[in-house]
Amino acid sequence: MDSQILVSDGRIPKSPNTIRFVCISDSHSRFFNFPPGDVLLHAGDFTKKGTPDEVLQFANYLKTTNYQYKVIIAGNHDTPFDAKNFDEIIKKKRNPHRCDPYAVKRLLKDFIYLEDSFFNAFGYTIWGTPWTNQHYKGAFTIKDINKLGEKWAQIPLGVDIVLSHSPPNGILDRSKDNRCLGCPVLAETIKMIRPKVHVFGHIHEGHGVRTVDGITYINASVCNNRYQPIYTPIVFDLPII
Ligand SMILES: Nc1nc2c(ncn2[C@@H]2O[C@H](COP(=O)(O)O)[C@@H](O)[C@H]2O)c(=O)[nH]1
Ligand SMILES: [Mn+2]
Ligand SMILES: [Mn+2]
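In this report, the structure presented in the accompanying data block is examined. (Residues numbered from 1 in each chain as written. Chains lettered and ligands numbered in written order. Predicted model: local features only at pLDDT ≥ 70, side-chain atom pairs only at ≥ 80, totals over all residues. Heavy atoms only, no water.)

### Re the pairing of strand β4 (residues 69-72)
Stated formally: Between any two strands, at least two bridges found by DSSP are needed for them to pair. By the criteria applied, helices consist of DSSP H or I runs no shorter than four residues and strands consist of E runs no shorter than two, each listed in order from the N terminus. The definition of a right-handed crossover adopted here requires that, viewed with the strands pointing away, the path from the first strand over the helix to the second runs clockwise.
The pairing of strand β3 (residues 39-42) with β4 spans four bridges and is parallel. Its bridge partner being in β4, L40 is matched across the sheet by K70. Since β3 and β4 lie parallel, the crossover through helix α1 (residues 52-63) that links them has a hand, and here it is right-handed.

In structure tokens form, the structure reads like this:
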């Protein structure tokens, strides 16, 4: 464990010389009291069906929270956020929610929405990327592992925190039928980039924290496979720089 990084469920009060990052993923329109902190990191799947109403509810909930920065990426459920592929994605749905995806994305304009892009919070750089392996045609899904690798190749060397919807393969990515469903190319990329922390979700049952070779991995899923919010958010504290 990196001695500089304190990971907890948020019940330990943070010391005055630290910044608290609160990690949540896969909240799927279930709202509960997000623990206090300085920076919220949401790793995607904030909706269940990807409707404009759900996005509005999420935005309204975020407005009631006190984080200095609210950093969000989308997941495969958050369909309007994949605006370029939106028509294609909803074509495959039985009850499609038609909307202007660009207008829906603007509902999060007051927050830090990342899509293969970065943000600097209190001197810590955060790279956010929404892509996952295509299991069905959802938002930001890619079948071809080489094309998925092109997304990970954009993660800059030296970034402090990687926020992705996909887990890396082999770490906190085991499904209920005992298969590791994370992306192997993401795992290799993270080992090469060596961020301090990699925060992700998507494989709900992989919820937890592991430190491997000095990198802290956090699967911050709060829902279980039945989309019930049973897991606690995970927080980590980094020194003020
Ligand atoms: N067999 C696979 N199961 C998958 C895959 N991706 C996700 N899942 C399972 O679904 C739940 C929920 O994921 P969500 O994106 O729909 O919220 C997850 O916990 C897994 O159990 C996959 O690629 N293959
Ligand atoms: Mn999910
Ligand atoms: Mn997902």
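Next comes the rest of the write-up.
### Overview of the pairing of strand β11 (residues 197-200)
Where we set the bar: Accessible area is worked out with a 1.4 Å probe on protein chains only. A residue is then buried under 20% of its type maximum, exposed over 50%, and partly exposed in between.
A two-sided burial pattern is seen for β11, the buried positions comprising V197 and V199 on one face and H198 and F200 on the other. Across three bridges, strand β10 (residues 161-164) lies against β11 in parallel orientation. Each bridged residue has a counterpart across the sheet, and for V162 the counterpart in β11 is H198. Viewed along the sheet, the connection from β10 through helix α5 (residues 184-193) into β11 turns out right-handed. Bridging between β11 and strand β13 (residues 215-219) involves four bridges; their strand directions are parallel. Paired with V199 across the strands is I218, a residue of β13.

### Side note on the coordination of the manganese ion (ligand 2)
Note the threshold: As a rule, N, O and S atoms within 2.8 Å of a metal are its donors, except that Na, K and Ca use 3.2 Å; water is not among the atoms, so sites may look incomplete.
Here the manganese ion (ligand 2) is held by D26 (OD), H28 (NE2), D45 (OD) and H204 (NE2), and the distances to it run 2.0 to 2.3 Å. Counting residues between consecutive donors of the manganese ion (ligand 2) along the chain gives the motif D-x1-H-x16-D-x158-H. Distance-wise, the manganese ion (ligand 3) is placed 3.6 Å from the manganese ion (ligand 2), both being coordinated by D45. Highlighted residues: H28 in the loop between β2 (18-24) and β3 and H204 in the loop between β11 and β12 (208-212), separated in sequence by 176 residues. The exposure classification of H28 matches that of H204, with both residues buried.

### Notes on the packing of aromatic side chains
Remark: the centre distance and the inter-plane angle together describe each pair of aromatic rings, the angle taken between the planes. Our working definition: For this analysis, a ring pair means two rings from Phe, Tyr or Trp (six-membered ring only for Trp) whose centres lie within 6.5 Å, classed as stacked if their planes differ by under 30 degrees, edge-to-face if by over 60, and tilted for the remaining angles.
Applying the stated rule across the entire model yields 11 aromatic pairs. Judged by centre distance (6.1 Å) and plane angle (80 degrees), the ring pair of F21 and Y124 falls under edge-to-face. Of this pair, F21 sits in strand β2 while Y124 sits in strand β7 (residues 124-129), and the two are 103 residues apart along the sequence. What makes F21 buried here is its relative accessible area of 0%. For the pair F46 and F81, a centre-to-centre distance of 5.3 Å together with 90 degrees between the ring planes defines the contact as edge-to-face. Placement of the pair is F46 in the loop between β3 and α1 and F81 in the loop between β4 and α2 (86-91), with a sequence separation of 35 residues. Overall, F46 belongs to the buried group, its relative accessible area being 0%.

### Quick word on the pattern of salt bridges
Should the charged atoms of two oppositely charged side chains come close, the side chains can pair. This is how it is decided: Every case where a carboxyl oxygen of Asp or Glu lies within 4 Å of a side-chain nitrogen of Lys or Arg is listed as a salt bridge.
For the structure on display, the rule yields nine salt bridges. Taking the shortest distance from any N to any O, the salt bridge between R20 and D237 comes out at 2.7 Å. Separated by 217 residues along the polypeptide, R20 in strand β2 and D237 in strand β14 (residues 234-239) bring together distant segments of the chain. What makes R20 buried here is its relative accessible area of 4%. Two residues, D110 and K109, come together in a salt bridge whose shortest N-O distance is 3.6 Å. Judged by its relative accessible area of 62%, K109 falls in the exposed class.

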